[in-house]
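Take a look at the letters that make up each chain.
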Amino acid sequence: MSRTHPAMVVLLPLIFGLNLEFGYYWHLVRGQAKLLWSRQPVTNLLAGGNLDQEVRKRLEFVQEVRRFAEQRIGLARSRNYGTYIDIGEGPVSWQLTASPKDRIEPVIWTYPVVGRFPYRGYFDLDRAKVDRNRLDAQDFDTLLRPVGAYSTLGWFADPILSTMLRYGDGDLAELIIHELAHGTVWIPDHVSFNESLATFVGEIGALQFMRQRYGPEAEVVKVMLDRRSDERTFKRFMHGVAKELQALYETERPYEEKLQEREVIFKRAKHRFYGLDLKTGVYSHFPRRRLNNAVMMAYRTYHEKVDVFDRVHRTLGQDLKAAVRIFKQCESQTDPSRYLEDWLLRNSAADR
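## Notes on the packing of aromatic side chains
Each aromatic ring pair is characterised by the separation of its centres together with the angle its planes make.
In step 1: Overall, the coordinates contain 16 aromatic pairs when judged by the stated rule.
In step 2: On the numbers, 5.9 Å between centres and 75 degrees between planes, the contact of Phe273 with Tyr274 is edge-to-face.
In step 3: You can call Tyr274 exposed: its relative accessible area is 62%.
In step 4: Members of the aromatic cluster, connected to one another through ring pairs, are Phe234, Phe237, Phe273, Tyr274, Tyr283 and Phe286.

If you want it as structure tokens, here you go:
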């Protein structure tokens, strides 16, 4: 899996999912209400004299990131991350994804108001495990993972959670900018596009912020650049694994044979992993992962469209604020990826 934050998840559709059974719906309402009632304004906390100094330092850091995101990147001004909740050890919730075993395609859940999403969220781990086990019994691949934070897309003022403050500076900046990007650009029924866009803006924006704060030659910046290099290397590697799987799934071989052969592909991938030229240990857990199509889908959701965003960014002279303005135009398009490709063709032609 890539170094993406499970925090980068939107649970709002789950709160408004009136098509779901009452018990599931009600547990989401109660979970969200508990968070809303527990929020404390950051300004009040910082003005007080009894706040833990490390918490104070981290809250001030988040406010600095917010200002940078609004002023230097052009992300929408919002009430998000102006409040704080101590949720203890966490996580705040869990996310379930699923896929058929012979296709790299997500199971889709449809929700009123906000559309279709390739995941389902839970505040109750036991309830999540019941649904995961039900999907397992129906012969789906599944992935259930913890969520450190999430965006409600402006329906509520998203709080800073105590679990978020445990991130390192670079990761915390990336998380905040990623979630603020969701509040700036969101296109219903295009989850992969939305998540990939927020991933791109979060990564580039956090790097710019860290360079400004610590200096371009700071060790923390060098570590971020090494991790970015590893992300690109691992992305190419995982793309190759997905191509192998896709080629297998498209054959006429019997279902059981496909399942046996995909395990060979997964095993081979874990062996090849040790030959990758990686600079950090971010992906060291990969050989120990239980690989399946749901794991492959979770990675794709956050990285599928990153290349087109990068090309727009480079065409604009690596001006992220200008790029965000172009990305914002995608909200009125039925095919946002096609819109960006057409924009690139027009602007490439104009440069010649």
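Having seen it, we continue.
## Some remarks on the confidence of the model for the chain
In step 1: For the chain, mean pLDDT is 88; residues scoring 70 or higher make up 89% of the total.
In step 2: Low confidence marks residues 1–20, where pLDDT is under 50. Its contacts with residues over four positions away, or in another chain, come to 96 contacts.

## Concerning the packing of helix H4 (residues 53–73) against helix H12 (residues 320–329)
In step 1: Interhelical geometry of H4 versus H12 gives an angle of 80 degrees and a closest axis separation of 8 Å. Between H4 and H12, the crossing angle belongs to the class labelled roughly perpendicular. In contact with Gln71, Arg72 and Ile73 of H4, H12 contributes Leu320, Lys321 and Val324.
In step 2: Considering only residue class, the contact of H4 with H12 consists of 3 nonpolar, 1 polar and 2 charged.

## Considering the sheet that holds strand E8 (residues 140–147)
In step 1: With antiparallel pairing, the 3 strands of this open sheet are ordered in space as E7-E4-E8. With one partner strand each, in any of the chains shown, strand E7 (120–122) and E8 form the two edges of the open sheet. Sheet twist, expressed as the average angle between the axes of neighbouring strands with direction ignored, equals 25 degrees.
In step 2: Here strand E4 (residues 93–100) runs beside E7; their pairing, made up of 3 bridges, is antiparallel. Bridging from a neighbouring strand, Gln95 pairs with Gly121 of E7.
In step 3: In the packing of helix H5 (residues 125–137) onto the sheet, contacts are made with E4, E7 and E8, and the angle to E8 comes to roughly 165 degrees.

## Observations concerning the pairing of E4
In step 1: E4 sits mainly inside the fold: 8 of its 8 residues count as buried.
In step 2: Of the two faces of E4, both are covered, the one formed by Ser93, Gln95, Thr97 and Ser99 as well as the one formed by Trp94, Leu96, Ala98 and Pro100.
In step 3: Where E4 and E8 come together, 8 bridges link them in antiparallel fashion. Across the sheet, the residue bridging to Pro100 is Phe140, located in E8.

## A few points about the sheet that holds strand E3 (residues 83–85)
In step 1: Sheet architecture is open: 3 strands sit in the order E2-E3-E10, paired in mixed fashion. Across the chains shown, the open sheet's two edge strands, defined by having one partner strand only, are strand E2 (40–41) and strand E10 (160–161).
In step 2: The pairing of E3 with E10 spans 2 bridges and is parallel. Residue pairing across strands places Tyr84 opposite Ile160, the latter belonging to E10.

## Observations regarding H5
In step 1: For H5, with 13 residues, the first-to-last C-alpha span of 18 Å sits near the 18 Å given by 1.5 Å per residue.
In step 2: Burial in H5 covers these residues: Ala128, Asp131 and Leu135. End-on view of H5: buried residues confined to an arc of 65 degrees, all on one side of the axis. When the buried face of H5 is taken as reference, the exposed residues oriented beyond 90 degrees from it are Asp126, Val130 and Ala137.
In step 3: Residue Asp124 occupies the N-cap position of H5, its side-chain oxygen lying 2.9 Å from the main-chain nitrogen of Asp126.
In step 4: Downstream of H5 by one or two residues, Asp139 has phi in the positive range, about 75 degrees.

## A few points about helix H11 (residues 306–315)
In step 1: Within H11 the residues assigned to the buried category are Val306, Val308, Phe309, Val312 and His313. Taken end-on, H11 shows its buried residues confined to a sector of 165 degrees, consistent with a single buried face.
In step 2: Phi for Gly317, located one or two positions after H11, is positive at around 70 degrees.

The rules behind each value
Residues numbered from 1 in each chain as written. Predicted model: local features only at pLDDT ≥ 70, side-chain atom pairs only at ≥ 80, totals over all residues. Heavy atoms only, no water. Phe/Tyr/Trp six-rings, centres within 6.5 Å; stacked < 30°, edge-to-face > 60°. Buried < 20%, exposed > 50% of the residue type's maximum accessible area, 1.4 Å probe, protein only. pLDDT = per-residue confidence, 0-100. Contact = heavy atoms within 4.5 Å. Axes fitted to C-alpha atoms, helices over the stretch in contact; angles between N-to-C directions. Helix = DSSP H or I, 4+ residues; strand = E, 2+ residues; numbered from the N terminus. Parallel < 35°, antiparallel > 145°, perpendicular 65-115°, else oblique. Nonpolar A, V, L, I, M, F, W, Y, C, P; charged D, E, K, R; others polar. Pairing = 2+ DSSP bridges. Expected span 1.5 Å × (residues − 1). Arc of directions from axis to C-beta. Polar contact = N/O pair within 3.5 Å; in protein donor to acceptor, adjacent residues only side chain to side chain.

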